[in-house]
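# Reading the structure
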Amino acid sequence: MKKRSFRIYLILTLFWTAGIFLHSAMPAAASNAESGGVLAVVQMILPWITHGVLRKAAHFLEFAVLGILLTGTFHSARNFTLAKPMLFAVLTAMTDETIQAFTPGRNCALSDVWLDAAGALTGAVLLWLIFKLRKK
């Protein structure tokens, strides 16, 4: 069962990471159009949300999901610690921002790496706590 779980988490992690990188490679105009469409829907429920807040929330949430997936992937390994998924999450965040540095109209921001790391840590801790509670 652990091997099957590992494979499922690994495949999901690879696809999710590819999605993150593909979105980072989108030129600014396409990225803004996509988030603008999402913003219109979100503002129906939360009218105070701005474009900037939505984009930062998206960074946090996409990396929270990555943190969950990485924790699930590494959880079956011997000597599991949160440091393992977090290392990969931070490397992914750094790669993500590097891709944006070379994408037309996009920029690279260290603050986004910190935000991504916070999202990944939140997701990783949540899944780790669920695993701990299920053991009891």
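This text gives an overview of the structure that appears in the document. (Residues numbered from 1 in each chain as written. Predicted model: local features only at pLDDT ≥ 70, side-chain atom pairs only at ≥ 80, totals over all residues. Heavy atoms only, no water.)

## Some details on the pattern of salt bridges
This structure, assessed with the given rule, holds one salt bridge. Asp112 serves as the salt-bridge partner of Lys56, at 2.5 Å between the closest nitrogen and oxygen. Of this pair, Lys56 sits in helix H3 (residues 51–75) while Asp112 sits in helix H5 (residues 110–135), and the two are 56 residues apart along the sequence. The class of Asp112 is buried, set by a relative accessible area of 6%. (Salt bridge = Lys/Arg side-chain N within 4 Å of Asp/Glu carboxyl O. Helix = DSSP H or I, 4+ residues; strand = E, 2+ residues; numbered from the N terminus. Buried < 20%, exposed > 50% of the residue type's maximum accessible area, 1.4 Å probe, protein only.)

## Looking at a nonpolar patch on the surface
Residues Val41, Met44, Ile45, Leu46, Trp48 and Val53 make up a contiguous nonpolar surface patch of roughly 680 Å² in combined accessible area. With three residues, the single largest contributor to the nonpolar patch is helix H2 (residues 28–45). Within the secondary structure, Met44 is located in helix H2. Residue classification places Met44 among the exposed residues on the basis of a relative accessible area of 68%. (Patch = residues over 30% accessible without salt bridge, like charges linked within 9 Å, V, L, I, M, F, W, Y side chains within 5 Å. Areas by Shrake-Rupley, 256 points an atom, 1.4 Å probe, with all protein chains shown as cover.)

## Quick notes on H3
An α-helical turn contains 3.6 residues, so a residue and the one three or four places further along point in the same direction. Between its terminal C-alpha atoms H3 stretches 36 Å, which fits the 36 Å expected from 25 residues at 1.5 Å a residue. Those residues of H3 lying buried are Leu54, His59, Phe63, Ala64, Leu66, Gly67, Leu69, Leu70, Thr71, Gly72, Thr73 and Phe74. Buried positions along H3 lie against helix H1 (2–24), H2, helix H4 (83–101) and H5. (Expected span 1.5 Å × (residues − 1). Contact = heavy atoms within 4.5 Å.)

## Remarks on the packing of H3 against H5
For the pair H3 and H5, interaxial distance at closest approach is 6 Å and the crossing angle is 45°. When the axes of H3 and H5 are compared, the pair comes out oblique. Regarding H3 and H5, the two cross each other, and that crossing is right-handed. The segment H3 lies against H5, with Lys56, His59, Phe60, Phe63, Ala64, Gly67, Ile68, Thr71, Gly72 and His75 engaging Asp112, Leu115, Asp116, Ala118, Gly119, Ala120, Thr122, Gly123, Ala124, Leu127, Trp128 and Phe131. Within the contact of H3 with H5, the residues separate by chemical class into 11 nonpolar, eight polar and three charged. (Axes fitted to C-alpha atoms, helices over the stretch in contact; angles between N-to-C directions. Parallel < 35°, antiparallel > 145°, perpendicular 65-115°, else oblique. Left-handed = near helix turned anticlockwise from the far one by under 90°. Nonpolar A, V, L, I, M, F, W, Y, C, P; charged D, E, K, R; others polar.)

## Some points on the nonpolar core
Counting residues in hydrophobic clusters, the biggest one holds 11 residues: Ile20, Phe63, Leu66, Leu70, Phe74, Phe80, Met86, Ala89, Ala93, Val113 and Ala120. Listed by contribution, the elements that provide at least two residues to this core are H3, H4 and H5. In contact with Leu70, other than residues within four places in its own chain, are Thr13, Pro85, Phe88 and Ala89. (Core = buried A, V, L, I, M, F, W, Y, C linked by side-chain atoms within 4.5 Å.)

## Considering the packing of H1 against H3
It is the contact of H1 with H3, at a shortest axis distance of 8 Å, that shows an interaxial angle of 155°. With respect to each other, H1 and H3 are oriented roughly antiparallel. Crossing hand, H1 versus H3: left-handed. For the pair H1 and H3, contact is made by Phe6, Tyr9, Leu10, Leu12, Thr13, Trp16, Thr17 and Ile20 and by Glu62, Phe63, Val65, Leu66, Ile68, Leu69, Leu70, Gly72 and Thr73, respectively. Within the contact of H1 with H3, the residues separate by chemical class into 12 nonpolar, four polar and one charged.

## Notes on the side chain of His59
Position of His59 relative to the elements: it lies in helix H3. Excluding anything up to four places from it in sequence, His59 contacts Asp96, Glu97, Gln100, Asp112, Leu115 and Asp116.

## Concerning a positive patch on the surface
Together, Lys2, Lys132, Lys135 and Lys136 give the surface a local cluster of positive charge. Tracing the backbone through its elements, the reader meets Lys2 in helix H1. (Lys, Arg positive; Asp, Glu negative; His and termini not counted. Charge placed at Lys NZ, Arg CZ, Asp CG, Glu CD.)

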